[in-house]
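# Topology and contacts: notes
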Number of protein chains: 2
Amino acid sequence: MIKMEALGRQILVEFYDCNESKINDVVFIEQSLIQATKASFASIISHNFHKFSPHGVSGVVVIAESHVAIHTWPEYRYAAVDIFTCGESIDPWIIQDRLKDLLGSENVSSMEMKRGMFRVAEGQKLLFKPDQKLDQQN
Amino acid sequence: MIKMEALGRQILVEFYDCNESKINDVVFIEQSLIQATKASFASIISHNFHKFSPHGVSGVVVIAESHVAIHTWPEYRYAAVDIFTCGESIDPWIIQDRLKDLLGSENVSSMEMKRGMFRVAEGQKLLFKPDQKLDQQN
């Protein structure tokens, strides 16, 4: 029997009604994303954040398992967050939960997407890790 | 009359059946994302790419209008791309079209999401640019 499996999971999070001053603070946002990412035990490769004038922050944490990105609109008390992970070793929802608390969001809308869908035979699995032996070609 | 408007647009692109060697070449991938982003006239703030061993590339171009991110699985000839833009001055589909050609993808699945939905009164608009005068609070 053939089934569909995904290489990656992506959570698109709409954080409404955030703490306006916190989501306008580039240092706080960078520390929050790093802290939330570490809580999931993801492996951080790099992080890069920017403050816009007069308001707004953008930033990305690149992880071995993909990335966590944020864009904030303090004037609307809104932050858009993407949490993209692959593999089964980390839980992206840990990152979402931690960020909800840190940003003080009182109204959260989240959706999980599956990325990279492939057919695999029953009893076989997609290989998420580059150093796994590739014993099956889709 | 009240209508819904979005702060951002995000295109999630599944590039299947890509050129395997091209999507395993970190220099080629970085140059391709920069070239595609410039074609849309977005303003590049930073770019950061990584090669995984033995295969796979991850990278992000942060733009003033949000970001473009890629993760490749050469062993599956697959690349996941996210194109997140705000404002009305750039067209994210230009980036998608250019990347399709550069990655040699023969099977593309794309979906556009609206991010940051707010109610606005008729005749008024959301303000995308931080330096616009904020003359309306939602």
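None of these values were measured; they are calculated from a predicted model.

### Remarks on the nonpolar core
Counting residues in hydrophobic clusters, the biggest one holds 24 residues, and the most contacted among them are Phe-15, Ile-29, Leu-33, Ile-70, Val-81, Leu-99 and Leu-103 of chain B. Elements with a contribution of two residues or more to this core: β1 (2-16), α1 (26-39), β3 (57-63), β4 (66-73), β5 (78-86) and α2 (92-103) of chain B. Among the nonpolar cores identified, the runner-up in size contains 23 residues, and Ile-63, Ile-70, Val-81 and Ile-95 of chain A belong to it.

### Comments concerning the sheet that holds strand β6 (residues 107-121) of chain B
Residues and elements named next belong to chain B. With antiparallel pairing, the six strands of this open sheet are ordered in space as β2-β3-β4-β5-β1-β6. The open sheet is flanked by β2 (44-51) and β6, the only strands paired with a single partner. The mean inter-strand angle of the sheet, taken between neighbouring strand axes irrespective of direction, is 10 degrees. Two elements, β1 and β5, share eight bridges in a ladder whose sense is antiparallel. Bridged to Gln-10 within β5 is Phe-84. Taken strand by strand, α2 contacts β1, β4, β5 and β6, and its axis lies near 0 degrees from that of β1.

Definitions and cut-offs
- Every chain begins its residue count from 1, and numbering advances along the sequence as written.
- Lettering for chains starts from A, numbering for ligands starts from 1, and both go in the order in which the items are written.
- Since the coordinates come from a predicted model, pLDDT governs what is reported: local features require at least 70, and pairs of side-chain atoms require 80 or more to be given and counted, while whole-chain, interface and lining totals use all residues.
- To get the side-chain values, all heavy atoms of the structure are used, and hydrogens and water are removed first.
- What we call a nonpolar core is a set of buried Ala, Val, Leu, Ile, Met, Phe, Trp, Tyr and Cys residues that are connected through their side-chain atoms within 4.5 Å.
- Only protein chains enter the calculation, and the probe is 1.4 Å; a residue is then buried if its accessible area is under 20% of its type maximum, exposed if over 50%, and partly exposed in between.
- We count a stretch as a helix when DSSP gives it H or I for four or more residues in a row; a strand needs E for two or more, and each element gets its number in order from the N terminus.
- Pairing between two strands requires that DSSP report at least two bridges joining them.
- Angles shown run from 0 to 180 degrees and are taken between the N-to-C directions of axes, each axis being a line fitted to C-alpha atoms and, for helices, limited to the stretch in contact.
- Should any heavy atoms of two residues lie within 4.5 Å, those residues are counted as being in contact.

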